[in-house]
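Inside the fold
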Amino acid sequence: MKIFIDTANVEEIREAASWGIIKGVTTNPSLIAKEGRNLKEVIGEITSLVDGPISAEVNEADIDTMISEAKELSKMNKNIVIKVPMTKDGIKVTKILHDLKIRTNVTLVFSVPQALLAFEAGASFVSPFMGRLDDMNASGAELIEKLVAVKQMYGYDTEIIAASIRNGKHIEEAALAGSDIATIPFAVLKKSFDHPLTTNGLKIFKDAAKK
Ligand code: G3P
């Protein structure tokens, strides 16, 4: 399962990129707003740090506005993927961009029928949100399992990005379900290095080496 980082913070991306395991970046309007910076400026910097798909979201608007925003963003760099909301217009935009050979990531996906529409529209990526489903006592893991099954059954090329990942359990569930990608916030990713038995084991080895 490929690991993407889910942040618009350039310092976090720089550090995570130095670990050598990051294959892409996802941003969204909330993450950009958190940085208090302009979308294009942030995306421009990210393209110099990671050579892989970088999702930049268009604002929900009428079709023509979304298309022209998408065209402008995709001109910035070959790695830009246009994040499109899972709405009727969003799906129309996904199909138009697919025909223009502009890659898309359909976001805010919470059900199999929604994902199926994105698959059929030719989305390059689809982003089911695990944490937000778990928040309402549904199962993010179950949704990923179902999407992987449908994708395999019909041979869709769309890559599944497990998103809204809040903890290591979500990473494990996404991996076991066969998700293509997990997009992980920096803090959750950093925690993945740790295990108390690793820390303890290191101390034992260090003490032994001293003797
Ligand atoms: O990738 C989507 C993610 O940023 C949303 O996460 O934790 O706000 O549900 P969350």
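A short tour of the structure in this document, coming up. Since we're looking at a predicted model, the values are computed, not measured.

The next subject is the overall build of the protein. Assigned secondary structure in the protein consists of 11 helices and eight strands. Since a compact globule built from 211 residues should have a radius of gyration of about 17 Å, the 18 Å found for the protein is in line with a globular shape. Overall, the C-alpha framework of the protein stretches about 70 × 40 × 30 Å when taken along its three principal axes. Scored against the burial criterion, the 211 residues of the protein give a buried share of 46%. The contacts in the protein between residues at least 6 apart in sequence include a share of 56% that link residues at least 24 apart. Of the roughly 11000 Å² of accessible surface on the protein, a fraction of 55% belongs to carbon and sulfur atoms. Separation of charge centres in the protein, based on 26 positive and 28 negative side chains, amounts to 5 Å.

The next point concerns the packing of aromatic side chains. Per the counting criterion, the structure on display carries six aromatic pairs. Judged by centre distance (6.3 Å) and plane angle (45 degrees), the ring pair of Tyr 154 and Tyr 156 falls under tilted. The class of Tyr 154 is exposed, set by a relative accessible area of 56%. Every member of this aromatic cluster is reached through a ring pair, and the members are Trp 19, Phe 186 and Phe 193.

Once that is clear, we can look at the nonpolar core. General note: in soluble globular proteins, nonpolar side chains tend to be found buried as a group. One finds Ile 5, Ile 82, Leu 97 and Ile 165 to be the most contacted residues of the largest nonpolar core, which totals 58 residues. Beyond its immediate stretch of four places on either side in the chain, Ile 165 contacts Met 130, His 170, Ile 171, Ala 182, Thr 183, Ile 184, Pro 185 and Val 188. With five residues, the next largest nonpolar core counts Phe 4, Val 81, Phe 125 and Ile 161 among its residues.

The rules we used
- Residues numbered from 1 in each chain as written.
- Predicted model: local features only at pLDDT ≥ 70, side-chain atom pairs only at ≥ 80, totals over all residues.
- Heavy atoms only, no water.
- Helix = DSSP H or I, 4+ residues; strand = E, 2+ residues; numbered from the N terminus.
- Rg over C-alpha atoms; globule rule 2.2 N^0.38 Å.
- Buried < 20%, exposed > 50% of the residue type's maximum accessible area, 1.4 Å probe, protein only.
- Contact = heavy atoms within 4.5 Å.
- Areas by Shrake-Rupley, 256 points an atom, 1.4 Å probe, with all protein chains shown as cover.
- Lys, Arg positive; Asp, Glu negative; His and termini not counted.
- Charge placed at Lys NZ, Arg CZ, Asp CG, Glu CD.
- Phe/Tyr/Trp six-rings, centres within 6.5 Å; stacked < 30°, edge-to-face > 60°.
- Core = buried A, V, L, I, M, F, W, Y, C linked by side-chain atoms within 4.5 Å.

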